[in-house]
Each structure stands twice: as structure tokens, then as C-alpha cells.
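Structure assessment
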Amino acid sequence: MALISIIKDFHPLGNAKLLDRAAQLRPALRHGVREPIGGFKLKERYSAEEDEIVLRQLPHLSLGKGENLCLDFGTHMVGYITLELSYSGSHPDAPAYLKLKFAENRMELSENSQDYNGWLSRSWIQEEYVHADLLPARIVLPRRYAFRYLKITMMDTSPKYKLIVKHAECMTESSADWSCVTALDSGDHELDRIHAASLRTLANCMQDVFEDGPKRDRRLWMGDLRLQALTNYVSFKNLDLVKRCLYLFGGSRFPDGRVSAAVFTAPDVQADDTFLFDYALMFVVALEEYLQETDDQETLDDLYDIAMQQVEYALRQIQDDGTLNEQAVKDSFIDWCDELDRSACAQGVLIFALRYARRLARRRNDWSQGSFLMQQQDALRRAAVRHFWDETRQLFVSNGQVSAASQIWMVLADVIEPEKAKKAMEQALCATEVPIGTPYLHHYYVMALLRVRMRTEAVSHLKNYWGGMLDAGADTFWECWDGKDPGFSPYGGSVVNSYCHAWSCTPAYIIERYLLKEASDE
Ligand code: RAM
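Further remarks concern the overall build of the chain. When its secondary structure is counted, the chain shows 14 helices and 17 strands. For 522 residues, the compact-globule estimate of 2.2 N^0.38 gives 24 Å, and the chain sits close to it at 25 Å. Each principal axis of the C-alpha distribution contributes one length, and for the chain these read about 85 × 50 × 45 Å. Buried positions account for 61% of the 522 residues belonging to the chain.

Shown next as C-alpha cells:
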């Protein structure tokens, strides 16, 4: 499923007041300097095998034509690279021609980007060809990179000299304030490790906005924002950054008022011409959760109508039989999984969002809206049970398909009594006919387990799934991960996957809010 939406003559609805407020809330970016902690050469340019070398050798290590050097910066980071280059041998009589490849994880170093033929632009692959006309040279690369490793391949020198990489450093950048957090010491080493990687994932996505991934798309997506905001509340507590992002979504929307799935923030703020039914509803959810943290009346007043507009648009997509129409289902993201039948999921997301919309109405003392929403919620719940619940199998079936996604969203929407919801969750993974594709849905899987009080299963899933990424070498959590299919990519090639991805950052939230304390109601 390629997610490409191009609307001709798309003119987003701009709200200058909201955008001004968003601009005032722009965060300060924090910087640091990091140097490599090690380095190695790959046996061949794209081989996975390496020859270990120690860092101290670097200032003397000379690279001839075709040779490579991989610098290891020790962990995942986001920032700007400076290289100091020199040479050995005779006077450089030709430019040094280098290829630089930045890799978020070890596997990427041996991937050849020429093999990529997917539907996302290859321009996301973090690699550059650089000429150094004169040596010694100090090269400051203008782009921001997300990486742990930097592979330098000597494309060409001349017989007269070899290149020496004397020094490399990264000026890191993030708006996360690490002084707000302390490392978790829960007595469970595995949870502590997962918690730490979760915070690093969030921190490296915290830039001028909450980005979905600092490698790709470097953009504010609504579904990701909701999960980042939750994790931020238990960690860096940058409440203004959440507010800024909500105002950006409110400030540039579809011409009919719908919240876009994503917002571009540079050079100017502009809603993406992509609409996702479930993501627009997450605006309502994220706004209410922000208010739970802050009680910020200004934000409630400024964004309440926009939130209700999303709900009202969604409610207009209900058919006479009480289920969502084809367009709404088609517009729902839910997960990267082509075969997934999204009818039950979309209905579940809407019912779930209505819970938050009702709370917003209560905050505003908007009683008539509140009772309208309650009636709608009841009607949608009844329709969901009628259409999707299979009493014999004790699980939800969406147009003939059993999926974990349908169980998850129906359970999170509370459409059925707790004992039956538990039955559905017990079967969610073993009965599913389609796999869960991404950590986005794995998050909601864990939340659904917790909702039916399957805490042991929730903890073990968290450890197996996110812990599995750590065992596979993650420093930060990935956009996609399937232990049975490590090369999985929704884009047609894992070389464009993001290995520090917003929607994967939630373990710290789950641990802090649900596992360390007695579970509170969501
Ligand atoms: C991808 C991004 C983002 C996600 C959208 C739907 O392009 O990775 O995280 O929200 O898809």
C-alpha cells in the first residue's frame, strides 16, 4: 500500500492566530559534541564482515582507492558532521573523491542503495559524494543526519597519495532536555534497557517539532505525535512542544477543516494533502490528553471547535447500518499491512476517540454536545457488536477476516463486556490472519492487553518485541520490526526504513504509567 496522496490545487485552510502561537512556542535546540568511540573496515565495500581496528590508529590510517573506514559514534545521534582530512604520500595531485554513508544501525552499512527500487524516494538514503580539492581539508556537511555509523569509502585518490581521516565529530541537536530524566532502576534489567532506548528514541525525534523519524520523514505526523506526547509526559515533559504541534495541526488544515495526517513546517507551515481518517481523530485524543496534563484553558478554547469538527466529519461517514462507509475505511491507516481489513479497526478508532471528545465537551461545559456524542457512541458500539462480533468464535471478524488489529481497536473502544474482550485478546495473536506490521500497532496491542487486565502478557510482549529489537542491535527503536522477517519494509526496501522512529518510543510510557504503578484507567 503506497501512501501517496496528491490533490491538485490543494490550498490548505490557514489560521494565522494559531500559527503565530505555534511559532512563539518554537523550542530551543540543544547541542553537544560527540566523537567516534571506535572504527572498523568492512572486508569489502558491502560485506557485513569487518576487520576491527582501534580508534587510536585513525589519525595514521590511510585509505587508498576502494578502501573504506566505518566510524562508530557509540550510539544513535542526530546532528551535523565535521571531518578533518589529511593525506600520506606525495603531494595530492588530484581531488579526493569520497562517498559518505550514514547508518542508523549496523545492517545499513552493508546495504547497497543501488539495489533499492521502492516507492519512497531514494533521496532519503543518507549518503553523499564529496570532493576535497585541497588537502588538508576541514569539511562541514550542511545536512543534518541521524546515525550511529559513518562509512567513508575512498572512491578515488591518485597513485601519489592516500587519504587520512584525522578527526570526525558530530554536533548533536535535539530539543529534549536530558536533565529532566533519570535512568530507570526498576530492578528488572531488561525493562530498564528498554526504557532507556525508548527515551533516546523520543529525544532524537524531538527537534523543532516532534518528528516521526530524524532520518525520514523528519515530519510531524498526527498518529506519531499522540504517542510521542504520551511518552514525553512521563519523561522530558516538554509541554510547550506538544502544544506547538497541536497548534500546527490546527493552524493548517484541509480546506473543509479536516486535520491533515501530517504537517510540513518549513519553509512555511503547510498541511500535507494526505488525509487519514484515524489520524485526524487522534487530534481529538491528543488534545484531551494534553489538557489532562496541563489544564491549559487557552488551548482548549483555541482548539475545541477544530476537535469537534473532526468528530463531526467522522460521524457523517456512518451509513444507515451504523458502520463506516468505504471511504472512511479506505482512508484509515491503522498499520502498514496491505491485506488488513480495516472496517472494524476504523469503527473502533472512532468509538475510542468519542470517549475523548466527550471529555472535551465536559471540560467546556458543552452539555448538549456531550449528550449527542454519548448517543452516537452507544449507537456505534451496538452496530460494532452486531457487525463484527462472532459469538461462536468469541472474537471480532471484519468482513470475514480475523486480525489482531480488529481485536485491538474493538477492545480499546470498549464495545463489549470485559470477559468477552479478554477472550478476544487471548486469541488476537494466535488467530490473526494478517501479521502486525509496525510498532505503532504493537503499542496498541499492549494497551489492549492492559485494558483487559492481561498484564503478564503485556509485559512479556513488551520485552519480546522491543527487547527483540535491542537484541538485534538497536540503540533506538525502529519504524518496523518483525523478528521472523528482519528485512521487512513497507516501502520496498529496508534501506529507507527509519531506525529511530516516533511511534516506537512508547515503552517508557507503558512502563511508567502502567507497569510501575497500579494500572490506571486510560
Ligand atoms: C510513514 C511515517 C509516519 C507514519 C506514516 C503513516 O511515512 O513513518 O511515521 O505516521 O507513515
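Resuming the write-up.
It is worth spelling out the pairing of strand E10 (residues 145-156) at this point. Looking down a regular strand, the side chains alternate between one sheet face and the other. Of all 12 residues in E10, 10 are buried, a share of seventy percent or more. As judged from the eight bridges shared by strand E6 (residues 68-89) and E10, these two strands associate in the antiparallel manner. Bridging from a neighbouring strand, Cys70 pairs with Lys151 of E10. Of the strand pairs in this sheet, strand E7 (residues 96-103) and E10 are connected by seven bridges, and their pairing is antiparallel. Among the inter-strand pairings, Phe102 is bridged to a residue of E10, identified as Leu150.

Between its terminal C-alpha atoms helix H2 (residues 189-205) stretches 25 Å, which fits the 24 Å expected from 17 residues at 1.5 Å a residue. The element H2 is extensively covered by neighbouring structure, given that 12 of its 17 residues are classed as buried. Those residues of H2 not exposed but buried are Leu191, Asp192, Ile194, His195, Ala197, Ser198, Leu199, Thr201, Leu202, Ala203, Asn204 and Cys205. In this fold, the buried residues of H2 make contact with E6, strand E11 (161-174), helix H3 (222-233), helix H13 (455-471) and helix H14 (507-515).

Now for the environment of Thr182. Relative to the helices and strands, Thr182 is located in the loop between E11 and H2. Sequence-wise, Thr182 and Ser47 are 135 residues apart; in three dimensions their C-alpha atoms are separated by 39 Å.

Another point: the side chain of Asp302. Among the secondary structure elements, Asp302 is positioned in helix H6 (residues 297-315). In this structure the side chain of Asp302 is engaged in a polar contact, spanning 2.8 Å, whose partner is the side chain of Lys17.

Moving on, we get to the site of the ligand. Around the ligand lies a shell of 13 residues, among which Asp217, Asp224, Tyr279, Glu479 and His501 are the nearest. In this structure, an oxygen atom belonging to the ligand sits 3.5 Å away from a side-chain N or O atom of Asp212. Separating an oxygen atom of the ligand from a side-chain N or O atom of Asp224 is a distance of 2.5 Å. Looking at the shell around the ligand residue by residue, the classes come out as seven nonpolar, one polar and five charged.

This next bit is on the sheet that holds strand E12 (residues 220-221). Here three strands make up an open sheet; going across it, the order is E12-E14-E15 and the pairing antiparallel. With partners counted over all chains shown, the strands left at the sheet margins are E12 and strand E15 (270-271), one partner each. Bridge count between strand E14 (residues 262-264) and E15: two bridges; the pairing is antiparallel. Along E15, the bridge assignment pairs Phe264 with Gln270.

Analysis parameters
- All residue numbers here refer to positions counted from 1 along the written sequence of the relevant chain.
- Reporting in this predicted model follows two pLDDT cut-offs: at least 70 for local features of residues, and 80 or more for side-chain atom pairs to be given and counted; totals over whole chains, interfaces and linings ignore these cut-offs and use all residues.
- Note that water and hydrogens are dropped before the side-chain values are worked out from all heavy atoms of the structure.
- Helix and strand assignments come from DSSP, with helices taken as H or I runs of at least 4 residues and strands as E runs of at least 2, each series counted from the N terminus.
- The globule rule used for comparison is 2.2 Å times the number of residues to the exponent 0.38, while the radius of gyration itself is calculated over C-alpha atoms.
- Buried residues are those whose accessible area, probed at 1.4 Å on protein chains only, stays under 20% of the maximum for their type, while exposed residues exceed 50% and partly exposed ones sit between those limits.
- Note on pairing: two strands pair once DSSP finds at least 2 bridges between them.
- By this rule, a helix spans an expected 1.5 Å times one less than how many residues it contains.
- Working rule for contacts: check all heavy atoms of both residues, and any pair within 4.5 Å makes them a contact.
- Any N or O atom pair separated by 3.5 Å or less is treated as a polar contact, with the protein-specific requirement of one donor-capable and one acceptor-capable atom, and with residues adjacent in sequence counted only for side-chain atom pairs.
- We call a residue near a molecule or strand when any one of its heavy atoms sits within 4 Å of it.
- Throughout this entry, Asp, Glu, Lys and Arg are counted as charged residues, while Ala, Val, Leu, Ile, Met, Phe, Trp, Tyr, Cys and Pro are counted as nonpolar. The remaining residues, Gly among them, count as polar.

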